[in-house]
Amino acid sequence: MNGQRPSEYPEIVPDASAIVDDVTKVRCEACPIRCFIKVGQTGSCDRYGNVDGVLTRIDPVTILQRTRDRGGEIVPFAVLDDAWNGELVRGEDFFVTGTGSGTTYPDYKPAPLIVSSDVRGVDTVTVVTEGIFSYCGVKVKIDTDRHVGPERAIVRSDGEAVGHVTTGEYGSQMLSIGGVNHLTGGAKREGLATMRAILALCQGESTELTVDGGSRLQLRAGIAPIIDGTPEELMRVGCGSATVGMFAIDWSTLVDEVVVVDDHITGVLTEHQAGAVLDMPASGIVIMGRKSTPGRYFNIAAPGSGWGGTDLVDPLAIIERFRADRGAHAGLRLLMVSTTGESSAYFVLDDDLVPRPAPMPQAVQDSVDHIRLNCEPAMTSVLFIAGAGGSLRAGVTKNPIGLTRSVRSRLTSVTCGGAPVYLWPGGGITFMVDVTAMPRGSFGHVPTPAIVAPLEFTMSTADYLAVGGHAGSIRSIESVLAGERIRHLDGSHLLGDR
Ligand code: SF4
């Protein structure tokens, strides 16, 4: 089927009823675009098509199945053929996701699928829908020590502003991409670029982003980030101070001083509490930067892609001098190392107390390797964040506030494509979900621009009726399996299963 893409926005016909002669076209009302679709074609988002004059959701409904061999966890359904074969099914074995279900737009309709099943003896309802999210985005966690750009720097896709660098976390740089202000608040190009960037990241596609005053990033959920063309390998074992503490016992017998270079907290062993407790003699080292507490230094250098997330190419640049009156002596052995062990160098002080490069003894090399072995592989993590607005909630119940309260009181569980979500406290239903825990192909778009994502609300039937649920629209899971187009897949199907 060929998508109908006359432009970035489809042809919008003001009044479908005016075209009474053209019976081969159907109007899609599933989003504000209102595509008018010829037979054999799809609308602008490729999610709906005209199949023999009938408006049809193109993607089949994705059913998840619990497996015994994976501890009962839910995985994408993979064994049914085109439809249920009539065998008795147990509700607890199946979970209908919102992927492929369709939306409630324009918000007066019940959710597309309201499915009843028996789960461990409890009469349960799962309300299944696809939300159209204008208020959404992704939080991207990039495991790296490298400086990708200053916090608050603009992040761009195709030259358009789509987000910003946000607060760095332990061992990771963080991006905030999308959000309603980029989707709707700028020019049309900005909104579309933002939508495409969110969609690509959520779909697990390799996505190129650039940071103003920073790096060029190649990011893909569940895969190591590529920063300025260099694949990242390791996530730090700890900050410089923590690394000093963790390996202090080994180093106390191998060397006279260790500096763990870190853009945030550089550690100096003999001054550090760990060195003091181990009775290490002072080395007389004088380090640049701002001393925080003994053996812990801030601002030793500028951030960059060098040692420990600094711009250092030569680590000796942060050593001001060695003082003989504070314990420095010829022959003093100095190890300098980064928080991942990827950068390391060994020095011995000469008669003038100047550190000179020297071959690293094997035992010291082993200690550096020990750091590397304790680092995790660097990863790109993508969390989709969105808010289920009043209109989406109205598809679940006639009283949207009732659903919010039911979710708050934990009577209703929320999932996104079957994956567990983190619910923010406070008002509304604002959730975050790891996209790699969702089935492939869970996300879509409409060119308003907005992102389409599955959402499911599961509760007991009694609770569903109590919140004013659409009782007349409840159907059995057997009827879904028998009557709907089922997504049948092979192999591993969660985005994170590669
Ligand atoms: S963009 Fe998609 S959902 Fe929106 S009207 Fe067109 S076909 Fe329907």
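Here the structure is a predicted model, which means the values were calculated and not measured. (Residues numbered from 1 in each chain as written. Predicted model: local features only at pLDDT ≥ 70, side-chain atom pairs only at ≥ 80, totals over all residues. Heavy atoms only, no water.)

### As for the pattern of salt bridges
Under the definition given, this model contains 14 salt bridges. Residues glutamate 160 and arginine 189 are paired through a salt bridge, measuring 3.0 Å at the closest nitrogen-oxygen approach. Remark: arginine 189 occurs in helix H2 (residues 188-202) and glutamate 160 occurs in strand S14 (residues 160-169); sequence separation between them is 29 residues. Overall, glutamate 160 belongs to the buried group, its relative accessible area being 17%. (Salt bridge = Lys/Arg side-chain N within 4 Å of Asp/Glu carboxyl O. Helix = DSSP H or I, 4+ residues; strand = E, 2+ residues; numbered from the N terminus. Buried < 20%, exposed > 50% of the residue type's maximum accessible area, 1.4 Å probe, protein only.)

### Examining the packing of aromatic side chains
Using the criterion set out here, one finds 6 aromatic pairs in the structure. For the pair phenylalanine 133 and phenylalanine 384, a centre-to-centre distance of 5.9 Å together with 70° between the ring planes defines the contact as edge-to-face. Taken together, the residues span a long stretch of sequence, with phenylalanine 133 in strand S11 (residues 122-133) and phenylalanine 384 in strand S31 (residues 380-388) at a distance of 251 residues. Phenylalanine 384 shares its class with phenylalanine 133; the two are buried. Overall, phenylalanine 384 belongs to the buried group, its relative accessible area being 0%. The ring of tyrosine 48 is capped by arginine 57, whose NZ or CZ atom sits 5.7 Å from the centre of that ring. (Phe/Tyr/Trp six-rings, centres within 6.5 Å; stacked < 30°, edge-to-face > 60°. Lys NZ or Arg CZ within 6 Å of the ring centre and 35° of its normal.)

### Thoughts on unusual backbone geometry
A cis amide bond, omega 5°, links threonine 448 with the succeeding residue proline 449. As for its placement among the helices and strands, proline 449 is situated in the loop between strand S36 (444-446) and strand S37 (450-460). Positive phi, normally seen in glycine, also occurs at aspartate 228, with a value near 50°. With respect to the element layout, aspartate 228 can be found in the loop between strand S18 (226-227) and strand S19 (230-231). The class of aspartate 228 is partly exposed, set by a relative accessible area of 38%.

### Structural notes on the pairing of S11
One face of the sheet, then the other: side chains in a regular strand alternate in exactly this way. In terms of burial, S11 is a largely internal element, 9 of the 12 residues being buried. Sheet topology note: the strand S10 (residues 113-119)/S11 ladder contains 7 bridges and is antiparallel. Within S11, the position partnered with serine 116 by the bridge is valine 125. Where S10 folds back onto S11 in an antiparallel hairpin, the turn is made up of 2 residues, including arginine 120, whose phi is positive at roughly 50°. (Pairing = 2+ DSSP bridges.)

### Description of the sheet that holds strand S16 (residues 207-211)
Strand order across the open sheet formed by 11 strands is S19-S18-S17-S16-S13-S14-S15-S12-S31-S35-S34, with antiparallel pairing between neighbours. At either end of the open sheet lies a strand with only one pairing partner, and these are S19 and strand S34 (422-423). For strand S13 (residues 154-157) and S14, the ladder comprises 4 bridges, and the chain directions are antiparallel. Paired with isoleucine 154 across the bridge in S14 is histidine 164.

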